[in-house]
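In case you want the letters, here they are:
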Amino acid sequence: MPPRKLRSPLSLVVLGLLADEPLHPYAMRQRISERAHDRLPGVRPASLYDVVQRLADAGLVSPDEPSREGHRPERVEYLITEAGRTALADWVTESLADLSRADEFPAALSFMYALGRDRVAGILRARAAALAASVDADETALANAEAGGIPPIFLSEHRYQLALRRAEHTWLITFTEALRTGALSWPTPPGKD
């Protein structure tokens with residue numbers, strides 16, 4: 001069986017949470033639920049322990065000493081390493097910029113503050129431009145298909161995908177404008193206190 005990939009929406013969420021504070025897996029699961037990250041595509045808390053172990057094996061997180069609180073079982077908190085901070089910034093950047101990483105985009109939005117407002121605004125403006133070009137090309141392809149005699153019913157899935165990309169484009173334009181004007185508050189990036 002091939003090794004499981006390291007990078008996933010859940011891996012991104014785990015690194016993002018650990019960039020804020022050291023946590024043990026049970027606390028990670030609680031934060032994921034509290035912040036509704038479990039509703040993001042590709043974030044299945046059932047895989048949490050496996051993801052934490054793979055991130056530790058890759059040197060992106062490291063276990064701290066086990067501790068016990070009251071009568072609770074012993075727990076091991078995990079800390080993000082410098083390599084983990086670098087991976088988080090790289091993954092968020094790539095997931096925000098690359099249209100082909102649609103499954104990671106929502107998780108990247110959850111932790112984009114790690115990059116800083118101006119950098120995110122630039123990345124998302126570029127994404128909006130790439131998306132606009134994709135929408136234009138798809139509209140032309142659909143018009144050509146219909147002109148070529150393809151019945152519209154057979155193009156329904158393409159129209160659906162086009163509608164989603166148009167909606168994303170509209171959202172990106174509105175969101176980046178809110179960043180530009182300061183209408184959207186921005187937290188201090190982790191580790192920059």
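Refer to the preceding data block for the structure.
So, here is what we can say about the structure in this document.

Within the protein one finds seven helices and two strands. Going from the N terminus to the C terminus, the protein shows its helices and strands as α-α-α-β-β-α-α-α-α. Projecting the C-alpha coordinates of the protein onto the three principal axes gives extents of approximately 70 × 45 × 25 Å. A burial count over the protein gives 37% of its 193 residues as buried. Put simply, of all contacts in the protein between residues at least 6 apart along the chain, 64% involve residues at least 24 apart. Of the roughly 10,900 Å² of accessible surface on the protein, a fraction of 54% belongs to carbon and sulfur atoms.

Within the sequence span of helix 2 (residues 25–34), burial applies to Pro25, Ala27, Met28, Arg31 and Ile32. Each buried residue of helix 2 sits inside an arc of 155 degrees when the element is viewed along its axis, so together they form one side. Contact partners of the buried residues in helix 2: helix 1 (9–20), helix 3 (48–57) and strand 2 (78–80). Two residues or fewer after helix 2 comes Ala36, characterised by a positive phi angle close to 60 degrees.

If you check the backbone angles, Ala36 has positive phi at about 60 degrees while not being a glycine. Structurally, Ala36 can be placed in the loop between helix 2 and helix 3.

Another point: the packing of aromatic side chains. Under the definition given, this model contains two aromatic pairs. Measuring from centroid to centroid gives 6.3 Å for Phe111 and Tyr113, while their planes differ by 50 degrees, and the two rings are tilted. Residue classification places Tyr113 among the buried positions, given a relative accessible area of 13%. Taking the centre distance of 4.7 Å and the plane angle of 15 degrees together, the rings of Trp171 and Phe175 count as stacked. Note that Trp171 and Phe175 are positioned in helix 7 (residues 156–181) at a spacing of four residues, about one turn of the helix. For Phe175, a relative accessible area of 11% translates into the label buried. Positioned over the ring face of Phe105 is Arg127, at 3.8 Å from the centre of the ring.

Another aspect to go through is the environment of Gln161. In this fold, Gln161 is placed in helix 7. Between the C-alpha atom of Gln161 and that of Leu18, which follows or precedes it by 143 residues, the distance is 34 Å.

Turning next to the packing of helix 4 (residues 82–97) against helix 6 (residues 117–147). Direction vectors running N to C along helix 4 and helix 6 enclose 30 degrees, while the axes themselves pass 8 Å from each other. In terms of their interaxial angle, helix 4 and helix 6 are classed as roughly parallel. Across from Thr93, Ser95, Leu96 and Ala97 in helix 4, the residues of helix 6 making contact are Arg119, Val120, Ile123, Leu124 and Arg127. Residue classes in the contact of helix 4 with helix 6 are distributed as five nonpolar, two polar and two charged.

Another point: the packing of helix 6 against helix 7. At a minimum axis separation of 9 Å, helix 6 and helix 7 run at an interaxial angle of 155 degrees. The pairing of helix 6 with helix 7 is recorded here as roughly antiparallel in orientation. Handedness of the crossing formed by helix 6 with helix 7: left-handed. The residue inventory of the contact of helix 6 with helix 7, partitioned by class, reads 13 nonpolar, four polar and ten charged.

Rules used in this analysis
- Residues numbered from 1 in each chain as written.
- Predicted model: local features only at pLDDT ≥ 70, side-chain atom pairs only at ≥ 80, totals over all residues.
- Heavy atoms only, no water.
- Helix = DSSP H or I, 4+ residues; strand = E, 2+ residues; numbered from the N terminus.
- Buried < 20%, exposed > 50% of the residue type's maximum accessible area, 1.4 Å probe, protein only.
- Contact = heavy atoms within 4.5 Å.
- Areas by Shrake-Rupley, 256 points an atom, 1.4 Å probe, with all protein chains shown as cover.
- Arc of directions from axis to C-beta.
- Phe/Tyr/Trp six-rings, centres within 6.5 Å; stacked < 30°, edge-to-face > 60°.
- Lys NZ or Arg CZ within 6 Å of the ring centre and 35° of its normal.
- Axes fitted to C-alpha atoms, helices over the stretch in contact; angles between N-to-C directions.
- Parallel < 35°, antiparallel > 145°, perpendicular 65-115°, else oblique.
- Nonpolar A, V, L, I, M, F, W, Y, C, P; charged D, E, K, R; others polar.
- Left-handed = near helix turned anticlockwise from the far one by under 90°.

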